[in-house]
Each structure stands twice: as structure tokens, then as C-alpha cells.
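Chain residues, written in single-letter form:
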Amino acid sequence: MRHAKSIKLATQALPVTPQGTALPAPKVVEIWTDGACKGNPGVGGWGALMRYGDHEKELFGGYRETTNNRMELLAVIEALASLKERCRVIVHTDSQYVKNGISEWMPSWIRRGWRTADNKPVKNIDLWQRLSAEAARHDVEWRWVRGHAGDPGNERADELANRGVESARTQR
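Residues numbered from 1 in each chain as written. Predicted model: local features only at pLDDT ≥ 70, side-chain atom pairs only at ≥ 80, totals over all residues. Heavy atoms only, no water.

## Looking at the overall build of the chain
Using the following cut-off: For the purposes of this entry, the term helix denotes a DSSP run of H or I that reaches at least four residues, the term strand denotes a run of E that reaches at least two, and both are numbered from the N terminus. Exposure classes here rest on a 1.4 Å probe applied to the protein chains alone. A residue is buried below 20% of its type maximum, exposed above 50%, and partly exposed in between. What sets the accessible areas is the Shrake-Rupley method with a 1.4 Å probe; for residues, cover comes only from the shown protein chains.
Per the secondary structure count, the chain includes four helices and six strands. From first element to last, N terminus to C terminus, the chain shows the α and β order β-β-β-β-α-β-α-α-β-α. Put simply, the chain has 172 residues, and 45% of those count as buried. Carbon and sulfur atoms make up 52% of the accessible area of the chain, which totals about 9,300 Å².

As C-alpha cells, then:
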């Protein structure tokens, strides 16, 4: 289940040429993501806060039986999938699993046919492959943030992930 809400923020002035013509702002989208799970496995949710210029978008969803790692991955996948065109994206995640997986481990997994260094199948391969495809559509910078340490974007993503948990609890 997926939910979205858009919010318009205060307008920011665009750069202008010497003739006074507005220049288009570079398309840079910042995304904060988080996953939550009550029990692992258990009822889980994911959340993403997206910011582009003076716009914000909130996404969240949940599943009745899942793991925290799957929710962390889905938060990023759903956020990237919601972008309608290629752009520069800065993903802020509190998940070392996501950040290290996409930026360090994945090239080796792919070289080994989606197997780990111990020659075991990569867990959550379905989501890693989706994340790889979504990330390839954009120029993505991955940033790790400490969870529950006061980063406002991360705190909002955490709230959204918990809303996802609640939505999953009420699903039939």
C-alpha cells in the first residue's frame, strides 16, 4: 500500500540573466528515507520525504509481514520510482545496509551472479535489482545519516515509516 502527499513550501527566487530572464534551477531532489518494523519479521512500514525547490512530497506504505531491511530498501525504491524524469538525487538514509549495499557491495554481487562473498544468494535480491534499476535512471549521491539524532529530514522519514506501519495494521 502506498500513500503520497504534496506540500508547497515558500517560493524561492530563481537566478536571473543580466537581462532579467529567469534561469531554470538545476533539478536536484533531496530524499530522506526510513524503514520501520514492529517485530523483525513483523508488521513494517517505509517512508520517504522528497524535496525539490519549494516543493515537498511525502510517501509511505506498509506490509503486514516483512523485515526492516526490506522496508529500508522499499523506501528508496518508491521515492526514486516516483520521479518522472532524470535528475540529480541526494538520498539520505540511516541504513548502512542500503548505503553500503548500493555503493559498495552491489558491484561484487553482480559480478558473482547476485551471490555474496560466501557464495550464498543475496538476500532481498528482488528489491536490490529494483533499486539498481531505479538508481540507474538518475545521478544519485548516497549519504548516510545517524538515525534518531535530530536530522529533521530523517525524523520526518521515520514518522512516515511509522505511518506506514499503522496503515499496514489496518489493512484487511
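Picking up after the structure, the text goes on.
## Considerations on the pattern of salt bridges
What counts here: The rule for a salt bridge is simple: a side-chain nitrogen of Lys or Arg has to be within 4 Å of a carboxyl oxygen of Asp or Glu.
Taken as a whole and assessed by the stated rule, the structure comprises eleven salt bridges. Across the salt bridge formed by R156 and E56, the nearest N and O atoms sit 2.9 Å from each other. Taken together, the positions of R156 in helix α4 (residues 152-169) and E56 in strand β4 (residues 55-66) put the pair 100 residues apart, joining distant regions of the chain. Take R156: its relative accessible area is 24%, and that puts it in the partly exposed class. In this structure E56 comes out as buried when scored by relative accessible area, which is 7%.

## Overview of the pairing of strand β3 (residues 42-52)
What counts is decided by this rule: We call two strands paired when DSSP finds no fewer than two bridges between them.
Among the eleven residues that make up β3, nine are buried, leaving the element largely enclosed by the rest of the structure. Relative to β3, strand β2 (residues 28-38) is paired through nine bridges, and the arrangement is antiparallel. Along β3, the bridge assignment pairs I31 with M50. Pairing of β3 with β4 involves ten bridges; the strand directions are antiparallel. Residue pairing in the sheet places G42 in a bridge with T66 of β4. Once β3 ends, the chain turns through two residues before running back antiparallel as β4, passing G53 with a positive phi of about 55°.

## Notes on the packing of helix α2 (residues 96-111) against helix α3 (residues 125-136)
Put simply, the rule reads: Throughout, an axis means a line fitted to C-alpha atoms (over the contacting stretch in the case of helices), and angles, computed between N-to-C directions, take values from 0 to 180 degrees. Working rule for angles: under 35 degrees goes down as roughly parallel, over 145 as roughly antiparallel, 65 to 115 as roughly perpendicular, anything else as oblique. Contacts were defined at the residue level, with two residues in contact if any of their heavy atoms lie within 4.5 Å. Amino acid classes used here: Ala, Val, Leu, Ile, Met, Phe, Trp, Tyr, Cys and Pro are nonpolar; Asp, Glu, Lys and Arg are charged; the rest, including Gly, are polar.
The geometry of α2 relative to α3 is characterised by a closest axis approach of 11 Å and an angle of 95° between their N-to-C directions. Relative to α3, the element α2 is oriented roughly perpendicular. Contacts between α2 and α3 involve Y97, V98, G101, I102, M106 and W109 from the former and W128, L131, S132 and A135 from the latter. Broken down by class, the residue content of the contact of α2 with α3 amounts to eight nonpolar, two polar and no charged.

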